[in-house]
Amino acid sequence: MLLASAATSLDGGLYTWITDLAQRSPATLDSAIRVWSDFGLALFALLMLAAWWRSRSDTPARLAMALCAPLVVVAAYVANDLLKMAVHEQRPCQTLHAVTVEACPPLGDWSFPSNHAAIAAAAAVAILLTDRRLGAVAVPAALLMAASRVWIGVHYPHDVLIGLVTGALVAWLLTLAARRFAPVVVRLRETRLRPLVAAR
């Protein structure tokens, strides 16, 4: 109860203002944001795939970073989920009984921090460090993903903010560490797997 009160006092007013704005917005806008919020993570998978494809003609270190990106995202998700299970913050739509665009998740489906925001941020940072051009698409997309989670009513603003920070920090550390696997890429380029790790 104390945790719910602290979360509400932190940015409950901002959350309520955003969800009220969503209720007054055109249904087509709400529908578009809901679809993005629910399925937009697929874009990051496509961008990681593109980063790998483009990195085949780059340095072994750059390709190693691209190949490790999916594992980096999984690691960020695990780190974020461990934090979520430790905090046990109820969803704002449960605590504040707000009318929301998305159906409110059930009790026990914890809110803090946002897994969607963490995954998007981790993917965006991993992509940005690998390919700046693709990163210029991924970073704004991650911010939009985080914002959409508040708009549809399933997260407080601080949930998505900490999710972004957690995902970005884990991805930054692990993606830079992935450069150490460059010798593995060099060896793979001498095997039958060469088409996967080197452009013609």
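Asker: If you had to explain a nonpolar patch on the surface to someone new, which residues and values would you point to?
Answerer: A grouping of Val 74, Tyr 77, Val 78, Leu 82 and Met 85 is seen on the molecular surface, where their side chains present a nonpolar patch of about 460 Å² in accessible area. When you line up the elements, Tyr 77 lands in helix α4 (residues 60-87).

Asker: Any details on the packing of helix α3 (residues 41-55) against α4? Residues and values, ideally.
Answerer: Relative to each other, α3 and α4 sit at 160°, their axes nearing to 8 Å. The angle between the axes of α3 and α4 places the two elements in the roughly antiparallel class. Note on packing geometry: the crossing formed by α3 with α4 is left-handed. Contacts between α3 and α4 involve Met 48, Ala 51, Trp 52 and Ser 55 from the former and Arg 62, Leu 63, Ala 66, Leu 67, Ala 69, Pro 70 and Val 73 from the latter. The class makeup of the residues in the contact of α3 with α4 is 9 nonpolar, 1 polar and 1 charged.

Asker: Report on the side chain of Arg 149, specifying residues and quantitative values.
Answerer: Considering the arrangement of structural elements, one finds Arg 149 in helix α7 (residues 132-151). As a buried residue without a salt bridge, Arg 149 has its nearest oppositely charged side chain in Asp 38, at a separation of 4.1 Å. Within the structure, Arg 149 has its side chain in polar contact with the side chain of Ser 37 (distance 2.8 Å). Excluding anything up to four places from it in sequence, Arg 149 contacts Ser 37, Asp 38, Ser 114, His 116, Val 154, His 155 and Val 160.

Asker: Go over helix α2 (residues 27-39) with me, naming the residues and quoting the values.
Answerer: With 13 residues, α2 should cover 18 Å at 1.5 Å per step; its first-to-last C-alpha distance of 18 Å lies within 8% of that length. All buried positions along α2 are accounted for by Asp 30, Ile 33 and Ser 37. The buried residues of α2 occupy an angular sector of 70° when projected down its axis, which confines them to one face. Opposite the buried face of α2, at more than 90 degrees from it, the exposed residues are Ala 27, Thr 28 and Phe 39.

Thresholds applied
Residues numbered from 1 in each chain as written. Predicted model: local features only at pLDDT ≥ 70, side-chain atom pairs only at ≥ 80, totals over all residues. Heavy atoms only, no water. Patch = residues over 30% accessible without salt bridge, like charges linked within 9 Å, V, L, I, M, F, W, Y side chains within 5 Å. Areas by Shrake-Rupley, 256 points an atom, 1.4 Å probe, with all protein chains shown as cover. Salt bridge = Lys/Arg side-chain N within 4 Å of Asp/Glu carboxyl O. Helix = DSSP H or I, 4+ residues; strand = E, 2+ residues; numbered from the N terminus. Axes fitted to C-alpha atoms, helices over the stretch in contact; angles between N-to-C directions. Parallel < 35°, antiparallel > 145°, perpendicular 65-115°, else oblique. Left-handed = near helix turned anticlockwise from the far one by under 90°. Contact = heavy atoms within 4.5 Å. Nonpolar A, V, L, I, M, F, W, Y, C, P; charged D, E, K, R; others polar. Buried < 20%, exposed > 50% of the residue type's maximum accessible area, 1.4 Å probe, protein only. Lys, Arg positive; Asp, Glu negative; His and termini not counted. Polar contact = N/O pair within 3.5 Å; in protein donor to acceptor, adjacent residues only side chain to side chain. Expected span 1.5 Å × (residues − 1). Arc of directions from axis to C-beta.

So yeah, pure geometry; function would need other evidence.
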